[in-house]
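Coordinates in review
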Amino acid sequence: MVKRILTVLLLFPTLVCAQINTDRVMTIARNALYFEDYVLSIQYFNQVINAKPYLYEPYFFRALAKLNLEDFQGAEADCDAAIQRNPFVVGAYQIRGLARIRQSKFDGAIEDYKKALHYDPENITLWHNLTLSHIQKKDYNAAKEDLESLLKVSPRYTRAYLMRGEVSLQQKDTIAALNDFNKALELDKYDPDAWAARAIVKLQQAKYAEAEADFNRAIPLSAKNAGNYINRALARFHQNNLRGAMSDYDLALDIDPNNFIGHYNRGLLRAQVGDDNRAIEDFDFVIKMEPDNMMAVFNRGLLRAQTGDYRGAIQDYTTVINQYPNFLAGYYQRSEARRKIGDKKGAEQDEIKVMKAQIDKQNGVTNKDVAQNKDKENDEEGGEKTRKKSDKNMNNYRKIVIADDSEAEQRYTSDYRGRVQDKNVNITLEPMFALTYYEKMSDVKRSVNFHKYIEDLNRTGILPKRLRITNMEAPLTEEQVKVHFALIDTHTSAIVEDDKNASKRFARAIDFYLVQDFSSAVSDLTQTILLDGDFFPAYFMRALIRCKQLEYQKAEQAVETDVVPGDNKRKEITAVDYEVVRKDLDKVINLAPDFVYAYYNRANVSAMLKDYRAAIIDYDKAIELNPDFADAYFNRGLTHIFLGNNKLGISDLSKAGELGIVSAYNVIKRFTDQSE
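None of the values given here were measured: they were computed from a predicted structure.

**A few points about the overall build of the protein**
Across its full length, the protein carries 33 helices and four strands. In the protein, 58% of the contacts between residues at least 6 apart in sequence involve partners at least 24 apart. Counting every atom, the protein has about 32200 Å² of accessible surface; 48% of that belongs to carbon and sulfur.

So this is what it looks like as structure tokens:
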């Protein structure tokens, strides 16, 4: 019995007494945070806080995890605790400032950013967020002062010009705004926000063709932005290109199916071109979203009458008249519909109401509603073709809707994501493949990743869940975290009973991997390999985990002195450190030469080390084995571009886009007009 307890402690060192190894748990927690497994990271930070509540770090990093989970109140409270323990941590003020912005506590956020800038006066993100806070408070002079300081620190920071342009627009200075938007485009012609910002000014200036041209540049660079399609539709509508406008509303609604303006305006345009039934579908949707939207109800009534549904039309007209008793068009249309169904008495009552109002108008009798109707009729005669969404005057029911100023999308949001997980998100390789139980759902269905050996392994029932081959790993939910900690205990007991069983070691390694305990996972995988040297999934996963460990260590080195000033004493990560990763992947390829994901992962390692020619050889082999391997085409395309072979790169990226990697088109746009 004593021997068994000792064996369990040796096999699972984190169980040793209540006194946890806080340094080790902290490392695992930050590792989970870096790989965006926020729920799991919080569980580990909780352990450290319980053991050593006087440390500031677990509160600081737990705040960052909570921020990413949109628990802004919790993030603020954790930052309070971190600052109480160490008031000199710039990052804590930065995170608390962002948490406060998300809670509309702009005064508190401004206070935090000013405090942080006292310690770090050249931090671009702090100036950026301070500016946003002043813009939210409509303190435009203070915002411009912030931007002047920011541009002294970073004269080529395009977001500063875009924000200053936005401030100028709020101050009705269109010329200054255009100058700033032009400057942003001069610095970065691949910034979709700069094109869109200038396009919106052109819309306001009624330069519709120029606005459309700018939206044409913005859309390929940000293909998932529904607002750009909605706004280009408006530019096209003003040029009488109704089909083009409808096409844009279709695209916008594919991206954002609940977009109110998209449905309302598409309904109007469909009605104009005689597509009545589908126009009714759009207004049905609007009315479902906003049952009290009387303009939509009235438009649907007109369309129902047009399609012969007179009773439905009368029902809609009556709903509107009950809300607006002096809306004459409602009575007129209802009288027409009532005549169609043989209700002469009802029709005559409506006609009398219209005639009485017309006589009152001729005699100079006015009431609030009739006066309002008259004013709006004059607006229509003046040629105004649009209305603000908040405009409730019924005479504007035929006008295209535009967003209210208060609803205009905030285009310039904070770039802050958290220090320990900041990554280059501009142009990056598709991730490496792993063997795991959980996979993220994709908007675009790609081919299923399959290998016979892994499928046979799943059929044996050795593993508690079905193993998947994926490079879209899903973070664990709170319930899944509990399940895998329990499975670790179960596997540990099974290993004690039979410590020569390689598959049991591998099963526990997967659970350790899922709870981000990479050191324990590598240890188990090494034991698996010692017990069964031909079991290639163990080499494959050990290579992946070691690569992730190196990636995390590099990221930590890059930000460690930034979070808390001090010397970074860690050994620098070099190409030599990746040799163990390569050797494991070499072994996988030797044992399973048809396992395409090993070539792909080895190519990624080469690309990370800037050994691009070696990477291309492996991507070539992966594509040879699987001609529909979208990720390999994407990464090979990027690798060709890194080598300066834009034409070959764009060809591969085009294939990747065709196979489902939508972001490929963004990259193609960036490099199409660059010479070799």
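**What to know about the packing of helix H6 (residues 90-102) against helix H7 (residues 106-119)**
Contact geometry of H6 with H7 gives a least axis separation of 8 Å together with a crossing angle of 160 degrees. The orientation of H6 with respect to H7, classified from their angle, is roughly antiparallel. For the crossing formed where H6 meets H7, the hand is left-handed. Facing Val90, Tyr93, Gln94, Arg96, Gly97, Leu98, Arg100 and Ile101 of H6, the residues of H7 in contact are Phe106, Gly108, Ala109, Asp112, Tyr113, Lys115, Ala116 and Tyr119. Among the residues making up the contact of H6 with H7, the classes are represented as nine nonpolar, three polar and four charged.

**Quick notes on the nonpolar core**
Counting residues in each nonpolar core, the largest one holds 194 residues, and the members touching the most others are Tyr264, Phe506, Phe540, Met541 and Phe595. Per-element tally for this core: the top contributor is helix H27 (residues 536-563), with twelve residues. Not counting residues within four places of it along the chain, the set of residues in contact with tyrosine 264 comprises Phe283, Val286, Asn293, Met295, Ala296, Asn299, Arg387, Tyr397, Lys399 and Val401.

**Concerning the side chain of threonine 492**
Position of threonine 492 among the secondary structure elements: in helix H24 (residues 478-497). A polar side-chain atom of threonine 492 sits 2.7 Å from the main-chain carbonyl oxygen of isoleucine 488.

**Focus on helix H5 (residues 72-85)**
An ideal rise of 1.5 Å per residue puts 20 Å on 14 residues; H5 measures up with 20 Å between its terminal C-alpha atoms. Of the residues making up H5, those classed as buried are Phe72, Gly74, Ala75, Glu76, Asp78, Cys79, Ala81, Ala82 and Ile83. On its buried side, H5 packs onto helix H4 (57-68) and H6.

**Quick look at the pattern of salt bridges**
Counted under the stated rule, the structure contains 48 salt bridges. The partner of lysine 389 in a salt bridge is glutamate 290, and the shortest N-O contact between them spans 3.1 Å. Within this pair, whereas lysine 389 is found in the loop between strand S1 (386-388) and strand S2 (400-402), its partner glutamate 290 is found in the loop between helix H17 (276-289) and helix H18 (294-306), the two being separated by 99 residues in sequence. Here lysine 389 and glutamate 290 have matching classes, each one buried. Residues participating in the shared-partner salt-bridge network are Glu76, Asp80, Arg96, Arg100, Lys105 and Asp112.

**A short note on the packing of aromatic side chains**
Ring pairs (aromatic) are described by centroid distance and by the angle formed between their planes. By the definition in use, this model includes 29 aromatic pairs. For the ring pair phenylalanine 536 and phenylalanine 595, a centre distance of 5.0 Å and an interplane angle of 55 degrees mean the geometry is tilted. Residue phenylalanine 536 is found in helix H27, and its partner phenylalanine 595 is found in the loop between helix H28 (579-591) and helix H29 (596-608); the two are separated by 59 residues along the sequence. Taken as a pair, phenylalanine 536 and phenylalanine 595 share a single burial class, namely buried. Every member of this aromatic cluster is reached through a ring pair, and the members are Phe433, Tyr453, Phe506, Phe535, Phe536, Phe540, Phe595, Tyr597, Tyr600, Tyr619 and Phe629. Its guanidinium or amino end placed over the ring of phenylalanine 260, lysine 389 lies 4.5 Å from that ring's centre, counting from NZ or CZ. Against the face of phenylalanine 35 rests lysine 548, its NZ or CZ located 4.8 Å from the ring centre.

**Digging into unusual backbone geometry**
At glutamate 36, a residue that is not glycine, the phi angle is positive and equals roughly 65 degrees. In this structure, lysine 138 takes a positive phi of about 60 degrees despite not being glycine. The topology assignment puts lysine 138 in the loop between helix H8 (124-136) and helix H9 (140-153).

**Side note on the confidence of the model for the protein**
On average, residues of the protein carry a pLDDT of 87, and 87% of them reach 70 or more. In this model, residues 368-382 is a region of pLDDT below 50 whose contacts with residues beyond four sequence positions or in other chains number 17 contacts. Residue range residues 406-426 is modelled with pLDDT below 50. Its contacts to residues more than four positions away, or to other chains, number 61 contacts.

**Re the packing of helix H2 (residues 22-34) against H4**
H4 packs onto H2 with a crossing angle of 20 degrees between their chain directions and a minimal axis gap of 10 Å. Between H2 and H4, the angle is such that the two are roughly parallel. Helix-helix and strand crossings are classified by hand; for H2 and H4 the assignment is left-handed. Contacts between H2 and H4 pair Met26, Arg30 and Leu33 from the former with Glu57, Pro58, Phe61, Leu64 and Ala65 from the latter. Split into classes, the residues belonging to the contact of H2 with H4 amount to six nonpolar, no polar and two charged.

**With respect to the environment of phenylalanine 535**
Inspection of the secondary structure puts phenylalanine 535 in the loop between helix H26 (518-531) and H27. The spatial distance from the C-alpha of phenylalanine 535 to the C-alpha of valine 588 is 8.7 Å, given a sequence separation of 53 residues. Setting aside chain neighbours within four positions, we find phenylalanine 535 in contact with Tyr453, Leu457, Phe506 and Thr528.

**With respect to H28**
For H28, which comprises 13 residues, the first-to-last C-alpha distance of 18 Å matches the rise-based estimate of 18 Å (1.5 Å per residue) to within 8%. All buried positions along H28 are accounted for by Val581, Arg582, Asp584, Leu585, Val588 and Ile589. Projected down its long axis, H28 shows its buried positions confined to an angular sector of 160 degrees, all on one face. Along H28, exposed side chains directed more than 90 degrees from the buried face belong to Lys583 and Asn590.

**Some thoughts on the side chain of arginine 62**
Mapped onto the fold, arginine 62 is located in helix H4. A polar contact is formed between the side chain of arginine 62 and the side chain of aspartate 78, at a distance of 2.7 Å. Look past the residues within four positions of arginine 62 in its chain and what remains in contact with it is Ile42, Phe45, Asn46, Ile49 and Asp78.

**Concerning the environment of glutamate 572**
Residue position: glutamate 572 is located in the loop between H27 and H28. Spatially, the C-alpha atom of glutamate 572 lies 8.9 Å from that of glutamine 553, the residues being 19 residues apart in sequence. Excluding residues within four positions of it along the chain, glutamate 572 makes contact with Gln557 and Asp577.

**Side note on the environment of alanine 65**
Within the fold, alanine 65 resides in helix H4. With relative accessibility at 0%, the residue alanine 65 sits in the buried group. In this structure the C-alpha to C-alpha distance between alanine 65 and phenylalanine 45, which are 20 residues apart in sequence, comes to 9.8 Å. In this structure alanine 65 touches Leu33, Tyr38, Ser41 and Ile42, once residues within four positions along its chain are discounted.

How each quantity is defined
- Residues numbered from 1 in each chain as written.
- Predicted model: local features only at pLDDT ≥ 70, side-chain atom pairs only at ≥ 80, totals over all residues.
- Heavy atoms only, no water.
- Helix = DSSP H or I, 4+ residues; strand = E, 2+ residues; numbered from the N terminus.
- Contact = heavy atoms within 4.5 Å.
- Areas by Shrake-Rupley, 256 points an atom, 1.4 Å probe, with all protein chains shown as cover.
- Axes fitted to C-alpha atoms, helices over the stretch in contact; angles between N-to-C directions.
- Parallel < 35°, antiparallel > 145°, perpendicular 65-115°, else oblique.
- Left-handed = near helix turned anticlockwise from the far one by under 90°.
- Nonpolar A, V, L, I, M, F, W, Y, C, P; charged D, E, K, R; others polar.
- Core = buried A, V, L, I, M, F, W, Y, C linked by side-chain atoms within 4.5 Å.
- Buried < 20%, exposed > 50% of the residue type's maximum accessible area, 1.4 Å probe, protein only.
- Polar contact = N/O pair within 3.5 Å; in protein donor to acceptor, adjacent residues only side chain to side chain.
- Expected span 1.5 Å × (residues − 1).
- Salt bridge = Lys/Arg side-chain N within 4 Å of Asp/Glu carboxyl O.
- Phe/Tyr/Trp six-rings, centres within 6.5 Å; stacked < 30°, edge-to-face > 60°.
- Lys NZ or Arg CZ within 6 Å of the ring centre and 35° of its normal.
- pLDDT = per-residue confidence, 0-100.
- Arc of directions from axis to C-beta.

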